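One letter stands for each residue in the lines below.
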Amino acid sequence: MRITRRMRLLLAATLGMLVLGTTACQPGEVQAFNSIMGTNLTVEQARSTCEQIDAQSGPGTCRQTAIEAVNRKTKGYVNFGSDCRAAVDYLFEGRWDHQRALMVVNRESRFVSFVVDYASGSHKGCAQLSPGIRARFLQGPWDDPYWNVRALRDVVDHPAWGWCHWDVVNYCARGGQF
């Protein structure tokens, strides 16, 4: 348990150094840092912690760890061409629902990014996003696997939505299974 807490502090502090890397740290940057890491550190606390890490592990350790943590946490944009499977593997890596996401995208599009529902023409892309979901969650082109699967991930992570939209058994009725 002590290692986990120490690692969390290390990641929080190193991310803080990314925020502090600019000459003037803005309140919005500190807020973004705290929301990503789930902490409530002040700028001064983040700077102090990172200085301690660099003193123990060598210059630049704190910043490099922060960059890696941000990349893992936010899963920055990657161009997957038309490969939906690679986008699912990337955006759902290490999650409990990775296999479920693979099953859904396979069922919906057979891992092809430019698929449009032939019956209605309204459901599009890797996860066959409906017009309402696209309007609310899609942040890029619907036929780009990264943005389509990212929208899927954002929907399933949303407390009011979850996997219900893609549950073919009973749309998440009480006690339902995927």
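Residues numbered from 1 in each chain as written. Predicted model: local features only at pLDDT ≥ 70, side-chain atom pairs only at ≥ 80, totals over all residues. Heavy atoms only, no water.

Some thoughts on the state of the cysteines
Which entries qualify depends on this criterion: Any cysteine sulfur atom paired with another within 2.5 Å is treated as part of a disulfide. The helix count covers DSSP runs of H or I at least four residues long, the strand count covers runs of E at least two residues long, and both are numbered beginning at the N terminus. When accessible area is computed with a 1.4 Å probe and restricted to protein chains, residues below 20% of their type maximum are described as buried, those above 50% as exposed, and intermediate ones as partly exposed.
As enumerated under the stated definition, the model contains one disulfide in all. Between Cys84 and Cys126 runs a disulfide, and the two sulfur atoms are separated by 2.0 Å. Here the S-S torsion is close to -75°, and the disulfide linking Cys84 with Cys126 is therefore left-handed. Here Cys84 is found in helix α5 (residues 84-91), whereas its partner Cys126 is found in the loop between α6 (98-109) and α7 (131-137), with 42 residues between them in sequence. What makes Cys126 buried here is its relative accessible area of 0%.

Side note on the nonpolar core
Rules: Grouping buried Ala, Val, Leu, Ile, Met, Phe, Trp, Tyr and Cys residues that are joined through side-chain atoms within 4.5 Å yields what is termed a nonpolar core.
Phe92, Leu152, Trp163 and Trp166 are the most contacted members of the largest nonpolar core, which totals 26 residues. Mapped by element, the contributors of at least two residues to this core are α5, α6, α7 and α8 (145-157). Per-element accounting of this core gives the leading share, seven residues, to α8.

Looking at the environment of Ala127
One can find Ala127 in the loop between α6 and α7. Overall, Ala127 belongs to the buried group, its relative accessible area being 0%. With 23 residues separating them along the chain, Ala127 and Arg150 place their C-alpha atoms 9.7 Å apart.

Quick word on the packing of aromatic side chains
Worth spelling out the cut-off: In this analysis, rings of Phe, Tyr and Trp, with Trp reduced to its six-membered ring, are considered paired at centre separations within 6.5 Å, and the interplanar angle assigns stacked below 30 degrees, edge-to-face beyond 60, and tilted for intermediate values.
Throughout the structure, instances matching the rule amount to six aromatic pairs. An angle of 20° between the planes, with centres 5.7 Å apart, marks the rings of Tyr77 and Trp147 as stacked. Placement of Tyr77 in the loop between α4 (61-74) and α5 and of Trp147 in helix α8 is noted, with a sequence separation of 70 residues between them. Relative accessible area serves as the criterion here: at 18%, Trp147 is assigned to the buried category.

Regarding the packing of α5 against α6
Between two packed helices, both the angle of their axes relative to each other and the distance between the axes serve to describe the pair. For clarity, the cut-off: To define axes, lines are fitted to C-alpha atoms, for helices over the stretch in contact only, and angles between the resulting N-to-C directions are given on a 0 to 180 degree scale. Relative orientations are named as follows: roughly parallel for angles under 35 degrees, roughly antiparallel for angles over 145 degrees, roughly perpendicular for angles from 65 to 115 degrees, and oblique for any other angle. Two helices crossing with the near one rotated counterclockwise from the far one by less than a right angle form a left-handed crossing, whereas a clockwise rotation gives a right-handed crossing. In this analysis, two residues are considered to be in contact whenever any of their non-hydrogen atoms come within 4.5 Å of each other. When residue character is reported, Ala, Val, Leu, Ile, Met, Phe, Trp, Tyr, Cys and Pro are called nonpolar, Asp, Glu, Lys and Arg charged, and the others, Gly included, polar.
Two elements in contact, α5 and α6, have axes separated by 10 Å at closest approach and are oriented at 160°. Classified by the angle between their axes, α5 and α6 sit roughly antiparallel to one another. α6 is crossed by α5, and the crossing has right-handed handedness. Contacts between α5 and α6 pair Cys84, Arg85, Val88 and Asp89 from the former with His98, Ala101, Leu102, Val105 and Ser109 from the latter. Of the residues contributing to the contact of α5 with α6, the split by class is five nonpolar, two polar and two charged.

A word on α8
Keep this limit in mind: Expected helix span is given by 1.5 Å per residue-to-residue step, counting one fewer step than there are residues. Pairing of N or O atoms within 3.5 Å defines a polar contact, subject to two protein rules: one partner must be a possible hydrogen donor and the other a possible acceptor, and residues neighboring in sequence count only if both atoms are side-chain atoms.
The end-to-end C-alpha distance of α8, which contains 13 residues, comes to 18 Å, matching closely the 18 Å that a straight helix rising 1.5 Å per residue would cover. Within α8, 12 of the 13 residues are buried, leaving the element largely enclosed by the surrounding structure. Pro145, Tyr146, Trp147, Asn148, Val149, Arg150, Ala151, Leu152, Arg153, Asp154, Val155 and Val156 are the residues of α8 that are buried. Two to three positions downstream of the cap, the backbone nitrogen of Tyr146 sits 2.9 Å from a side-chain oxygen, assigning the N-cap of α8 to Asp144.

A word on the packing of α5 against α8
Where α5 contacts α8, the axes come no closer than 9 Å and their chain directions differ by 45°. Considered as vectors, α5 and α8 are oriented oblique to each other. For the pair α5 and α8, the crossing hand works out as right-handed. Judged by residue contacts, Cys84, Ala87, Val88, Tyr90 and Leu91 of α5 engage Pro145, Tyr146, Val149, Arg150 and Arg153 from α8.

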